[in-house]
Amino acid sequence: MAGRINDADVQALREHADIVSVIGDYTSLKRAGGRLKGLCPFHSERTPSFTVDQARGLFHCFGCDAGGDVYAFLMKVEALSFPEAVERLARITGYELRYEELSPGQRRALGRRTRLTECVAEAAAFYHERLFEEEGEPARAYLKRRGLTREQALRFQLGWAPDRWDALVRHLSARGFSHDEIADAGLATRGARGLIDRFRGRVLFPILDAGGRDTLGFGGRVLPDVTLATGPRDGQPPKYINSPETEIYKKSKVLYGLNWARADIQRRDTVLVVEGYTDVIGLHVAGVSHAVATCGTALTAEHFRLVEKFARRVVLALDADDAGFAAADRARALAEESDVREVGVLPLPAGTDPADLAERGADAVEEALEGTQTAVEFQIAHLLRDADTRTPEGQIEAYRRTFPLLTRIEDRALRYRYVRDVVAPVVRLSADRIEAELDDDRSRRSAAPPPPARVQGGGAPGLPSDPQLRLERQVLQAALQLPELLPQAWEEVDDEDFTAEPSRLLLTALREAGDGGLEAVLAALPDDATRTRVRGLALADLTFPAEAGKVAELVDDLRVRAIARKVAAIRDRLVAGAEQLPLEEQRALQSELFALRRQRDAIQGGRGAARV
């Protein structure tokens, strides 16, 4: 058809490109005999099963069966069509493609993602040039006050968005980009009189892909104590604004600075996650180059799956407060889904951010990093921070605060280490005594429905602090109060998706009651005490939005967590019985693992499709 890429160029480019160089931007590869191996970028795994044959230009994963040539890799990893993958590879390698019977209009229409990427790249170049012109002097002065030199501004490709309504729009239009392309790239918004620049009067931090080749979006900061000519009529503009989500920029799948940090992350087998763009830059300037930041959003499971390809340990720089406790709690749950081996926390002193730490130099940062705690240690310290252990009553009350946290640690040996090494020294009591009471507490929790009690150490009122029990409660509350919003996937939920016996009892009652309503559910329950608690749950205020999308998300999360538990149990069995299990049984377990992963990916993929 008209506009088709020349077939000879498609073949020549395939032979010209180095598949190892392309794949190396997404996962770390190591030589293994005549091939290279690494962790698969398409599914979570701890043992490398992803193999690349450089001579043949092919890859294959023995865990998920993904495979093909360099085009197949780009199509899968970036969700590209075949022509887009060819154009992306040509841009990466500098190969000039020829098009058959291509008119100027067809050239503009061909490869929408490529076109948007080129638009953002041109914007980045425009902003970067403005920084070093006369109108960028206030921005340069600000960067100088922050300790950044001209060379560092060049290194991190910083820019300046002029304090004008449409400076970038005019520039991009003159370069042949349409108004639709400029808006769809997240660079402008539509006003009453046409397009206006999204970023005005701001220092800009370009956000690059993991390979550092393409600019995907921007973060923009206003200058302190400067009144914008294009600012809002009332009030102050926000300190930071970020590019919106676009076809090429997904905040949940991008980490600022990963392109610069990858080598040091792989060397340390650790990624340091901080909050802001200037924190990342400050640490890199100080020589601590394994730091990255999220782009105006909380950490997601996709972020963990991204970094898991490069490192097995994630360290979060967090304030030692309730927000830090909650962030550590959430990160631990996400890490379990993504096979990240360990989540650590670098506690920050009150009023201090990583950029402040970086100003003291690399030695000071490295010394601080030596004080990194595991997330559980950090959370225990938070729970015991104001404990009064001068009296026996105070000691007992203090260690019992940690029970909701410790009961979620399934590994008894690991749990005992935390009791012995972290809790017991603070409360000055026997670790064995604490452990025995902890076992009793776990038994009571599994035997009785979680009461709507006040939560120790954070969490919403009326909700258990344990994320799994909290999720079970929310799903069942939705089933009781919002049955019309339950997704089709609710029919797939079964007993094994719940960990607490009371939750399973309620699920059984819900199934037996059918469309009979709350009274039918209560009648199907075994005793009055359970009926009382369920009635309370049915009448309690919702702790989540009464929206079909949110209810579907809760059900999906419940099923994904259950799959994660099954996967962990099978892996433990394979590891424990590595020498004794018959080969046939090992293969059966591996097949079961594969089926569970596919089921998990189908659930998560379906959720993404629903959001689109």
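Above this text sits the structure in question.
All values derive from a computational prediction rather than experimental measurement. (Residues numbered from 1 in each chain as written. Predicted model: local features only at pLDDT ≥ 70, side-chain atom pairs only at ≥ 80, totals over all residues. Heavy atoms only, no water.)

(A) Summary view of the overall build of the protein. When its secondary structure is counted, the protein shows 27 helices and 18 strands. Taken over C-alpha atoms, the radius of gyration comes to 27 Å for the protein, in line with the 25 Å a tight globule of 612 residues would show. Taking the principal axes of the C-alpha coordinates as reference, the protein spans close to 75 × 60 × 55 Å. Of all 612 residues assigned to the protein, the portion counted as buried reaches 50%. Restricting to contacts in the protein with at least 6 residues of sequence separation, those with at least 24 account for 65%. By element, 49% of the accessible surface of the protein is carried by carbon and sulfur atoms, the whole surface being about 29600 Å². Side chains of the protein carry 85 positive and 96 negative charges; the gap between the two charge centres is 2 Å. (Helix = DSSP H or I, 4+ residues; strand = E, 2+ residues; numbered from the N terminus. Rg over C-alpha atoms; globule rule 2.2 N^0.38 Å. Buried < 20%, exposed > 50% of the residue type's maximum accessible area, 1.4 Å probe, protein only. Contact = heavy atoms within 4.5 Å. Areas by Shrake-Rupley, 256 points an atom, 1.4 Å probe, with all protein chains shown as cover. Lys, Arg positive; Asp, Glu negative; His and termini not counted. Charge placed at Lys NZ, Arg CZ, Asp CG, Glu CD.)

(B) Quick look at the sheet that holds strand β8 (residues 159–161). Reading across from one edge, β8-β11-β12-β13 is the order of the four strands in this open sheet, with antiparallel pairing throughout. Both outer strands of the open sheet, β8 and β13 (240–242), are each paired with one neighbouring strand and no more. Taking each pair of neighbouring strands and ignoring which way they run, the sheet shows an average axis angle of 30 degrees. Packing against the sheet, helix α6 (residues 112–131) makes contact with β8, β11 (202–208) and β12 (215–222), and its axis sits at approximately 35 degrees to β12. (Pairing = 2+ DSSP bridges. Axes fitted to C-alpha atoms, helices over the stretch in contact; angles between N-to-C directions.)

(C) Highlighting the sheet that holds strand β17 (residues 342–348). Ordered by their spatial adjacency, five strands build an open sheet running β15-β14-β16-β17-β18, and the pairing between neighbours is mixed. Lying at the two open borders of the sheet, with one neighbouring strand each, are β15 (291–293) and β18 (373–374). Strand direction decides the pairing type here: β17 and β18, joined by two bridges, are antiparallel. Across the sheet, glycine 344 pairs through a bridge with threonine 374, a residue of β18. Packing of helix α14 (residues 322–338) onto the sheet brings it into contact with β16 (313–319) and β17, and relative to β16 it is tilted by some 165 degrees.

(D) Examining the packing of α6 against helix α9 (residues 167–174) more closely. The N-to-C vectors of α6 and α9 enclose an angle of 125 degrees; their axes lie 10 Å apart at closest approach. What the angle tells us is that α6 and α9 run oblique. For α6 against α9, the interelement crossing comes out right-handed. Where α6 abuts α9, its residues Cys119, Glu122, Ala123, Phe126 and Tyr127 lie against Ala167, Leu168, His171 and Leu172. A per-class count over the contact of α6 with α9 returns seven nonpolar, one polar and one charged. (Parallel < 35°, antiparallel > 145°, perpendicular 65-115°, else oblique. Left-handed = near helix turned anticlockwise from the far one by under 90°. Nonpolar A, V, L, I, M, F, W, Y, C, P; charged D, E, K, R; others polar.)

(E) Expanded view of helix α3 (residues 70–78). Here α3 has its buried residues at Val70, Tyr71, Phe73, Leu74 and Glu78. Burial along α3 is one-sided: seen end-on, the buried residues are contained in an arc of 160 degrees. Next to the buried residues of α3 lie α1 (7–16), α2 (19–23), β4 (50–53), β5 (58–61), α4 (82–93) and α6. Regarding α3, its N-cap is aspartate 69, as a side-chain oxygen of that residue lies 3.1 Å from the backbone nitrogen of tyrosine 71 further along. (Arc of directions from axis to C-beta. Polar contact = N/O pair within 3.5 Å; in protein donor to acceptor, adjacent residues only side chain to side chain.)

(F) Structural context of unusual backbone geometry. Although it is not a glycine, glutamine 157 adopts a positive phi angle of roughly 55 degrees. As for its position among the elements, glutamine 157 is in the loop between α8 (150–155) and β8. Phi at aspartate 269 is positive, roughly 55 degrees, even though this residue is not glycine. Its location among the elements puts aspartate 269 in the loop between α11 (258–268) and β14 (270–274).

(G) A look at the nonpolar core. Grouped together as the largest cluster of nonpolar side chains are 36 residues, with contacts concentrated most on Leu158, Val203, Tyr256, Leu272 and Leu283. If you tally residues by element for this core, the top one is helix α12 (residues 277–285), at four residues. Excluding residues within four positions of it along the chain, valine 203 makes contact with Ala139, Tyr142, Leu143, Gly159, Trp160, Gly219, Gly220, Arg221 and Leu223. (Core = buried A, V, L, I, M, F, W, Y, C linked by side-chain atoms within 4.5 Å.)

(H) Broad picture of α9. Every buried residue of α9 is listed here: Ala167, Leu168, Val169, His171 and Leu172. In this structure, the buried residues of α9 make contact with α6, α10 (179–184), β9 (188–191) and β10 (194–197).

(I) Main features of the packing of aromatic side chains. All chains considered together, the criterion is met by 17 aromatic pairs. Measuring from centroid to centroid gives 6.2 Å for phenylalanine 42 and phenylalanine 59, while their planes differ by 50 degrees, and the two rings are tilted. Taken together, the residues phenylalanine 42 in the loop between β3 (35–38) and β4 and phenylalanine 59 in strand β5 connect sequence positions 17 residues apart. Accessibility classification places phenylalanine 42 together with phenylalanine 59 in one group, the buried group. Their ring planes at 75 degrees and their centres at 4.8 Å tell us that tyrosine 256 and tyrosine 277 sit as a pair that is edge-to-face. Of the two residues, tyrosine 256 is situated in the loop between β13 and α11 and tyrosine 277 in helix α12; the sequence distance between them amounts to 21 residues. Given a relative accessible area of 0%, tyrosine 256 falls into the buried group. (Phe/Tyr/Trp six-rings, centres within 6.5 Å; stacked < 30°, edge-to-face > 60°.)

(J) Inspection of the packing of helix α17 (residues 375–383) against helix α20 (residues 412–427) at higher detail. Two numbers describe how α17 lies on α20: the axes approach to 10 Å, and their chain directions differ by 40 degrees. With respect to α20, the element α17 is oriented oblique. At the point where α17 passes α20, the crossing takes the right-handed sense. On the side of α17, the interface is formed by Val376, Glu377 and Ile380, while α20 contributes Tyr418, Val422 and Val423. Grouping the constituent residues of the contact of α17 with α20 by class yields five nonpolar, no polar and one charged.

(K) Quick look at the pattern of salt bridges. Tallied over the entire structure, the rule returns 42 salt bridges. Between arginine 401 and glutamate 397 there is a salt bridge, with the nearest N and O atoms lying 3.1 Å from each other. Taken together, the positions of arginine 401 and glutamate 397, both in helix α18 (residues 392–401) and four residues apart, correspond to about one turn of that helix. For glutamate 397, a relative accessible area of 36% translates into the label partly exposed. Via salt bridges that share partners, Glu129, Arg130, Glu133, Glu135 and Arg164 belong to a single interconnected network. (Salt bridge = Lys/Arg side-chain N within 4 Å of Asp/Glu carboxyl O.)

(L) Representation of the state of the cysteines in the model. Overall, the coordinates contain zero disulfides when judged by the stated rule. For the unlinked cysteine cysteine 61, the closest cysteine sulfur is that of cysteine 40, found at 3.6 Å. (Disulfide = S-S within 2.5 Å.)

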